[in-house]
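Structural overview
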Amino acid sequence: MTAVTPKTLPEGIYMFEQPFLRAPNESIKRQFRASQKQVERDMGALRTNARDLSKKTGTSAQDGIAALDTMITKVNGLTKKLEDIHESKTKSNLAVLRARVDHFDELENLDENELENWEEARLNRWLVDWSLRSGYGATAKAIAEDRGVQDLVDISLFEEIERIENALRSKSATEALAWCSDNKNALRKNKSTLEFELRLQEFIELARVKKEVEALTYWAKHLKPWEETHLDRMEQVTALLIMGPMTKCKRYQKLLSDTRWTLLITYFRKAIYQIHALPTEPLLYYALSAGLTSLKVHSCSEKSSFNVNCPLCDEQGLGVLAQEVPFSHHANSTIVCRLSGQIMNEDNPPMAFSNGSVYSLKALKEMADKNDGKVNCQRTGLEQDFTTLSKVFIS
């Protein structure tokens, strides 16, 4: 595995790994805002009670003490709530964020061998991320525990995602709606329509079983607030009460189709990824795409230019994946010997056959030593003496 040099750290690692630090940081910020709102709500009620108590006249000392005791109990209750939030969520997220920051701080003081270990840990993180996104939770946990990267991966987050998605697969929107309630402000900030889609689906389910009264009550309570921005779609689903679940109209059959639950899973995953600042695709895909693109050149598609050291020249392996990525851009070309796969430079200069084919000095010298001073052109089969080759100068 190639070690990462210090010169590549700012762009090669820190920019690529932004979600690694942002995910726990976003969780902490949301928990802080939730705690802040809890404090503002409860303290606002306490201030109102204190103001009312101060304005009352003729209140006995016993009644005043009882009112104050009630207020103290509420303050203690608020303190307990905040402590529970800190112990159950904030404390663990702070520990995770601290572990990830420390993990990056190590890069500044690692030698080449230690950097290879760090890269291996990064690969393990990417494998866990891919496993979690692909639904292999048990595999992800096994890798994380075996490699000791539990604090560097988001297993708990994807467990929550799996729980809610399983409920949606079972045609229940209750868990997803509860999640929307907990993250209402973030969804509004991101202009997400997930809650509306879930509410729409619950209305559709009521219309499917012909519960007209319950459906209209649900419409007035949960869908009316969306009337200004989604009136057309609301009118369409309301027509289901008239058309009935056995309608032959394709427009309404589409609404009644079970594929809507699959769409809801897609909407939910997009929303939760956005809130937690996670990319939509596994990090492993981005790493592969970047790596393959940096290696891919036009000669990779030419069989005559096959390079034994180029992973993209393997048509049965990474070469298949490389077909989907663009070619890399190189301001300066690098000449590679097709015999040895080594770079040709001043220490290993190119040597030309009489037909113009060029190979590296080291590869041709090795061939000549094994073949009584004779060398063969790999492309044309031309044979000539090693001493008759011409040295090519790279300008």
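Let us look at the structure shown here. Everything numeric here is computed off the predicted structure, so don't read it as measured data.

About the thresholds
- Residues numbered from 1 in each chain as written.
- Predicted model: local features only at pLDDT ≥ 70, side-chain atom pairs only at ≥ 80, totals over all residues.
- Heavy atoms only, no water.
- Helix = DSSP H or I, 4+ residues; strand = E, 2+ residues; numbered from the N terminus.
- Rg over C-alpha atoms; globule rule 2.2 N^0.38 Å.
- Contact = heavy atoms within 4.5 Å.
- Areas by Shrake-Rupley, 256 points an atom, 1.4 Å probe, with all protein chains shown as cover.
- Lys, Arg positive; Asp, Glu negative; His and termini not counted.
- Charge placed at Lys NZ, Arg CZ, Asp CG, Glu CD.
- 1 Å grid on protein atoms, 1.4 Å probe; cavity = no way out; pocket = protein on both sides within 12 Å on 5 of 7 lines; lining within 4 Å.
- Points joined across faces, edges and corners; volume = space filled by probe spheres on them.
- Axes fitted to C-alpha atoms, helices over the stretch in contact; angles between N-to-C directions.
- Parallel < 35°, antiparallel > 145°, perpendicular 65-115°, else oblique.
- Nonpolar A, V, L, I, M, F, W, Y, C, P; charged D, E, K, R; others polar.
- Patch = residues over 30% accessible without salt bridge, like charges linked within 9 Å, V, L, I, M, F, W, Y side chains within 5 Å.
- Salt bridge = Lys/Arg side-chain N within 4 Å of Asp/Glu carboxyl O.
- Core = buried A, V, L, I, M, F, W, Y, C linked by side-chain atoms within 4.5 Å.
- Buried < 20%, exposed > 50% of the residue type's maximum accessible area, 1.4 Å probe, protein only.
- Expected span 1.5 Å × (residues − 1).

**A few points about the overall build of the protein**
Scanning the protein from terminus to terminus reveals 17 helices and five strands. A globule of 395 residues ought to have a C-alpha radius of gyration of about 21 Å, yet the protein, at 33 Å, is considerably larger. Principal axes of the C-alpha set define a box for the protein whose edges measure 115 × 65 × 35 Å. Nonlocal contacts in the protein, meaning residues at least 24 apart in sequence, comprise 60% of its contacts between residues at least 6 apart. Of the roughly 24,300 Å² of accessible surface on the protein, 53% is carried by carbon and sulfur atoms. Of the charged side chains in the protein, 53 are positive and 55 negative; the average position of the first set lies 9 Å away from that of the second.

**Observations regarding the layout of surface pockets**
Left-over empty space is what a probe sized like a water molecule reveals as it rolls over the atoms. In this model, the largest pocket occupies a volume close to 1,400 Å³. What lines the largest pocket is a set of 44 residues, among which Ser27, Arg30, Gln31, Asn183 and His276 lie closest to the centre. Listed by contribution, the elements that provide at least two residues to the lining of the largest pocket are helix H2 (18-55), helix H3 (61-105), helix H5 (137-147), helix H6 (155-169), helix H7 (174-182), helix H8 (184-189) and helix H14 (259-275). The element that contributes the greatest number of residues to the lining of the largest pocket is H2, accounting for 14 residues.

**Re the packing of helix H9 (residues 194-208) against helix H10 (residues 212-223)**
The contact between H9 and H10 brings their axes to 9 Å, and the two run at 170 degrees. The orientation of H9 with respect to H10, classified from their angle, is roughly antiparallel. Each of Phe196, Arg199, Leu200, Glu202, Phe203 and Leu206 in H9 lies in contact with H10, whose residues at this interface are Glu214, Ala215, Leu216, Tyr218, Trp219, His222 and Leu223. When grouped by side-chain class, the residues that make up the contact of H9 with H10 number nine nonpolar, one polar and three charged.

**Quick look at a negative patch on the surface**
On the surface, Asp102, Asp105, Glu106, Glu108, Asp111, Glu112 and Glu114 cluster together into a patch of negative charge. In this fold, glutamate 112 is placed in helix H4 (residues 112-133).

**Structural notes on the nonpolar core**
For soluble globular proteins, nonpolar side chains are generally found buried alongside one another. Trp179, Leu198 and Phe268 are the most contacted members of the largest nonpolar core, which totals 56 residues. Ranked by size, the runner-up nonpolar core spans 12 residues in total, among them Met351, Ala363, Leu364 and Phe386.

**As for H9**
Relative to the 21 Å expected for 15 residues at 1.5 Å per residue, H9 spans 21 Å between its end C-alpha atoms, a close match to the ideal helical length. At the C-terminal side of H9, lysine 210 shows a positive phi close to 60 degrees.

**A closer look at the side chain of histidine 276**
Of note, histidine 276 is situated in the loop between H14 and helix H15 (283-295). By relative accessible area, which is 7% here, histidine 276 ends up buried. Those residues within four positions of histidine 276 in sequence are excluded, and the remaining contacts are Arg22, Ala23, Glu26, Ser27, Arg30 and Leu157.

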